[in-house]
Amino acid sequence: MTPKVSLRGVTKSFGANTVLRDLSLDVAAGEVVSLIGASGSGKTTILRCINLLEQIDDGAVLLDGDEISAIGRDPNPVRRRVGIVFQSFNLFPHMSVTRNITLALTKVLGLDGEAAAQRATELLARFGLAEKADVYPDQLSGGQQQRVAIIRALAMQPEVLLLDEITSALDPELVGEVLDVVRELKGSGITLLIATHEMAFAREISDRVCFLHAGSVAEIGTPSEVFGAPRDERTQQFLRRVRSN
Amino acid sequence: MALELHRRAGHQPRLTSRQEHERRQRRRSSFIAATSTFVVLVAVVVFIPRMPRWDRVKKSFFDVDQMRDSFPRLIDAFWLDVKIFAWTTPAIFIAALLIALARNSRSPALFPVRMLAAAYTDVMRGVPVILWIYLVGFGVPGLGLERPFNSPLLWGSVALGMTYSGYVAEVFRAGIDSVHESQRAAARSLGLSSTQTMRHVVLPQAIRRVVPPLLNDMVSLQKDVALVSLIGPIEILRQAGIDKAKFANFTPYVVAALIFLSVTIPLTRLTDYLWHRERRRTGGTQVAA
Ligand SMILES: Nc1ncnc2c1ncn2[C@@H]1O[C@H](COP(=O)(O)OP(=O)(O)OP(=O)(O)O)[C@@H](O)[C@H]1O
Ligand SMILES: [Mg+2]
């Protein structure tokens with residue numbers, strides 16, 4: 001079966017700094033894959049390359065076997081199918097929660113205002129934010145903001161959702177409510193690619209875990225393989241370091 | 001800790017000792033401010049009239065009869081300032097926004113547009129306003145255009161608009177630059193085009209942030225309108241000059257200054273108020289004393 005998302009020999013540099021080196025990774029439809037690895041190992045960059053927020057230097061990124069990284073391709077149709085949620089939420093501060101969600105529904109998907117608002121209302125209700133529909137982002141807690149950001153991405157009904165350390169900017173007591181949203185998404189058919197420092201969560205939610213080292217995949221396998229019996233020496237070191245903290 | 005204090009204060013009406021202290025401090029500050037203001041006022045009222053030449057100054061600058069006589073003429077002339085201001089301001093904002101957007105374009109094909117916009121703002125801001133008014137206000141009508149296109153009033157306003165659009169474009173550009181890249185990334189990641197991103201996400205935030213500096217520029221513009229008088233139109237400054245010459249008395253200038261102040265001071269206060277509100281709103285936590 002064609003993988004949903006496929007990176008083939010992807011290389012990406014920022015100036016002289018090569019961030020991704022000949023990286024290959026396949027993610028099946030509906031699969032949940034976590035990207036773990038030290039800071040600077042390239043997790044964010046991978047996600048941004050899949051969403052075409054960054055251009056790769058070599059290799060190919062495929063969505064359903066279709067080369068979306070091809071030169072000169074319009075990124076907008078791809079972005080409709082691949083959503084991303086950022087570490088720092090990036091909600092639009094001058095728009096209400098509902099408007100944050102409906103903006104792209106109306107401007108990109110062409111929904112009329114009523115249909116868009118209805119979709120927003122439904123999603124907000126589903127994730128326990130119904131009463132926040134009309135407030136502005138700065139009146140929300142960090143956890144609520146991040147849940148709205150997830151809803152904003154979900155409202156586009158993407159096939160793939162990229163989550164970039166979505167709990168790193170949160171106070172510990174707010175992490176749970178955001179992770180609950182992700183738990184609910186698993187099994188809904190959406191393909192999830194999660195960059196995370198939350199090892200326990202990665203272990204719990206992932207079908208497979210991918211350990212990155214210096215821009216390449218050092219080890220990939222089921223959570224019990226990677227966390228339980230890591231084969232690669234660098235994975236072992238990394239996990240030891242993380243656990244001793 | 002602070003949060004807890006706050007919460008406790010919300011529940012009980014009785015003041016904590018810290019709040020007592022702050023209230024005493026505030027009262028003391030107001031008292032000092034009031035006393036010093038009083039002392040300064042007394043000094044002005046008592047000592048200035050005792051200056052040796054005060055009588056002459058009073059007669060040639062603060063002549064009450066002269067004020068009464070000039071005031072209606074000056075107000076009439078001021079109406080022209082207001083009109084010039086009213087028709088240049090929207091033109092300035094529109095031109096400035098277009099220039100700022102041109103400077104912010106990223107497409108390589110638009111490189112010449114970016115260059116031109118940059119050159120325009122540099123040239124406009126690099127020459128004193130008054131020089132532009134002379135050059136354009138005398139120069140263009142000198143080409144021998146037909147009425148009404150030979151009016152110095154028209155070209156003086158155009159010159160004013162040209163220079164100010166250079167300044168205001170820079171304000172807009174600073175506003176656009178101040179919107180964090182992550183906002184663009186978020187919008188683009190949802191599939192919005194770069195134009196949609198600019199229009200719905202970047203510009204609304206940018207403009208909100210630059211309202212205070214824009215008002216600042218409007219206060220300056222309001223004053224610089226008087227410069228157009230130097231090429232002919234009888235607006236307030238020129239009318240004051242005429243009156244001064246006729247009556248050999250400087251009072252009309254003082255009246256003109258007061259008329260300007262009656263417009264610029266409220267505008268300036270409004271600007272300050274908006275600055276503060278913006279600072280509070282963007283979470284700039286205020287440091288205690
Ligand atoms: N826009 C950029 N310009 C230059 N260098 C960049 C840029 N974005 C990322 N990098 C560099 O690429 C490398 C990988 O960054 P990336 O953000 O992908 O790491 P990460 O694994 O997500 O790290 P973290 O866990 O800290 O988020 C880093 O060395 C970083 O400095
Ligand atoms: Mg990262």
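Residues numbered from 1 in each chain as written. Chains lettered and ligands numbered in written order. Predicted model: local features only at pLDDT ≥ 70, side-chain atom pairs only at ≥ 80, totals over all residues. Heavy atoms only, no water.

Q: How would you sum up the overall build of chain A? Please name residues and give values.
A: Summing up its helical and strand segments, chain A has 9 helices and 10 strands in all. Taken against the 2.2 N^0.38 rule, which gives 18 Å for 245 residues, the C-alpha radius of gyration of chain A at 18 Å falls within 12% of a compact globule. Judged by the C-alpha coordinates and their principal axes, chain A covers about 55 × 45 × 35 Å. Counting only residues that meet the buried cut, chain A has 55% of its 245 residues in that class. Residue pairs in contact within chain A that sit at least 24 positions apart in sequence constitute 64% of those at least 6 positions apart. Each charge sign in chain A was given a centre, from 26 positive and 31 negative side chains, and these centres are 2 Å apart. (Helix = DSSP H or I, 4+ residues; strand = E, 2+ residues; numbered from the N terminus. Rg over C-alpha atoms; globule rule 2.2 N^0.38 Å. Buried < 20%, exposed > 50% of the residue type's maximum accessible area, 1.4 Å probe, protein only. Contact = heavy atoms within 4.5 Å. Lys, Arg positive; Asp, Glu negative; His and termini not counted. Charge placed at Lys NZ, Arg CZ, Asp CG, Glu CD.)

Q: Summarise the state of the cysteines; cite the residues concerned and give the values.
A: All names here are of chain A. If you walk through the whole model with that rule in mind, you get 0 disulfides over all chains. A disulfide-free cysteine, C49 has its sulfur positioned 14 Å from the sulfur of C210, the nearest such atom. By relative accessible area, C49 is classed as buried at 1%. For C210, a relative accessible area of 0% corresponds to the buried category. (Disulfide = S-S within 2.5 Å.)

Q: Hey, could you go over the interface of chain B and chain A for me, with residue numbers and the actual values?
A: At the junction of the two partners, chain B supplies 17 residues and chain A supplies 21 residues. Across the chain B to chain A interface the summed buried area is about 1600 Å²; carbon plus sulfur atoms make up 61%. For the chain B face of the interface with chain A, the top three residues by lost area are B:S189, B:L190 and B:H200, together amounting to 35%. Our count for the contact surface shared by chain B and chain A stands at 0 salt bridges. Seen at the junction of chain B and chain A, the total is 4 residue pairs in polar contact (both at pLDDT 80 or more). Listing elements by their share of the side of chain B that touches chain A, those giving two or more residues are α8 (181–189) and α9 (194–224) of chain B. At 7 residues, the largest contribution of residues to the side of chain B that touches chain A is made by α8(B). Broken down by class, the residue content of the side of chain B that touches chain A amounts to 7 nonpolar, 8 polar and 2 charged. (Buried area = accessible area lost by both parts, 1.4 Å probe. Salt bridge = Lys/Arg side-chain N within 4 Å of Asp/Glu carboxyl O. Polar contact = N/O pair within 3.5 Å; in protein donor to acceptor, adjacent residues only side chain to side chain. Nonpolar A, V, L, I, M, F, W, Y, C, P; charged D, E, K, R; others polar.)

Q: Describe unusual backbone geometry, with residues and values.
A: Phi at A:L52 is positive, roughly 65 degrees, even though this residue is not glycine. Secondary-structure assignment places A:L52 in the loop between α1 (43–50) and β4 (58–63). Positive phi, close to 50 degrees, is recorded for B:A248, a residue that is not glycine. Residue placement: B:A248 occurs in the loop between α10 (236–247) and α11 (251–281).

Q: Lay out the site of ligand 1 in plain terms, naming residues and giving numbers.
A: Residues and elements named next belong to chain A. The local shell around ligand 1 holds 13 residues, among which S39, G40, K43, T44 and T45 are the closest. Taking K43, its side chain carries an N or O atom lying 2.8 Å from an oxygen atom of ligand 1. Between T44 and ligand 1, the recorded distance is 2.6 Å, taken from a side-chain N or O atom to an oxygen atom. Contact with the protein chains removes 61% of the 630 Å² of surface that ligand 1 exposes when unbound. Only β2 (17–27) and α1 provide two or more residues apiece to the shell around ligand 1. With 3 residues, the single largest contributor to the shell around ligand 1 is α1. Broken down by class, the residue content of the shell around ligand 1 amounts to 3 nonpolar, 8 polar and 2 charged. (Near = heavy atom within 4 Å. Areas by Shrake-Rupley, 256 points an atom, 1.4 Å probe, with all protein chains shown as cover.)

Q: Let's hear about the nonpolar core: which residues, and what values?
A: Residues and elements named next belong to chain A. Counting 80 residues, the largest nonpolar core has I50, L161 and L192 as its most contacted members. No other element matches helix α6 (residues 172–185), which puts 7 residues into this core. Here L192 is in contact with E31, V32, V33, L161, L163, V182, L185 and K186, once residues within four sequence places are set aside. (Core = buried A, V, L, I, M, F, W, Y, C linked by side-chain atoms within 4.5 Å.)

Q: Residue-level account of the sheet that holds β4(A), with values.
A: Residues and elements named next belong to chain A. In space, the 4 strands of this open sheet follow the order β2-β1-β4-β5, with antiparallel pairing throughout. In this open sheet, the two edge strands, each paired with only one partner strand, are β2 and β5 (66–67). When strand β1 (residues 5–14) meets β2, the two strands line up antiparallel, connected through 7 bridges. In the strand pairing of β2, F14 is matched with N17. Along the sheet face, α1 touches β1, β2 and β4 and points at about 115 degrees away from the line of β1. (Pairing = 2+ DSSP bridges. Axes fitted to C-alpha atoms, helices over the stretch in contact; angles between N-to-C directions.)

Q: Describe in detail the environment of A:A169, supporting the description with residues and values.
A: Residues and elements named next belong to chain A. For A169, the position within the fold is in the loop between β7 (160–164) and α6. For the pair formed by A169 and Q146, sequence separation is 23 residues and the distance between their alpha carbons is 9.4 Å. Contact partners of A169, with chain neighbours within four places excluded, come to Q87 and F89.

Q: A description of helix α4 (residues 113–126) of chain A should follow, citing residues and the corresponding values.
A: Residues and elements named next belong to chain A. Under the 1.5 Å per step criterion, the end-to-end length of α4 is 20 Å for 14 residues, consistent within 8% with the ideal 20 Å. Among all positions of α4, only A116, R119, A120, L123 and L124 are buried. Down the axis of α4, the sector holding all buried residues measures 130 degrees, keeping them to one side. Buried residues along α4 sit in contact with α3 (97–107) and α5 (142–154). N-cap assignment for α4: the residue whose side-chain oxygen lies 3.1 Å from the backbone N of E114 is D112. (Expected span 1.5 Å × (residues − 1). Arc of directions from axis to C-beta.)

Q: Kindly report on the sheet that holds strand β3 (residues 32–36) of chain A, identifying the contributing residues and their values.
A: All names here are of chain A. Ordered in space as β6-β7-β8-β3-β9-β10, the 6 strands form an open sheet in which the pairing is mixed. On the outer flanks of this sheet lie β6 (82–85) and β10 (216–221), each paired with one strand and no other. The average angle at which neighbouring strand axes cross in this sheet is 20 degrees, direction not considered. Set on the sheet, helix α9 (residues 233–244) makes contact with β3, β9 (208–213) and β10; between it and β9 the angle comes to about 95 degrees.

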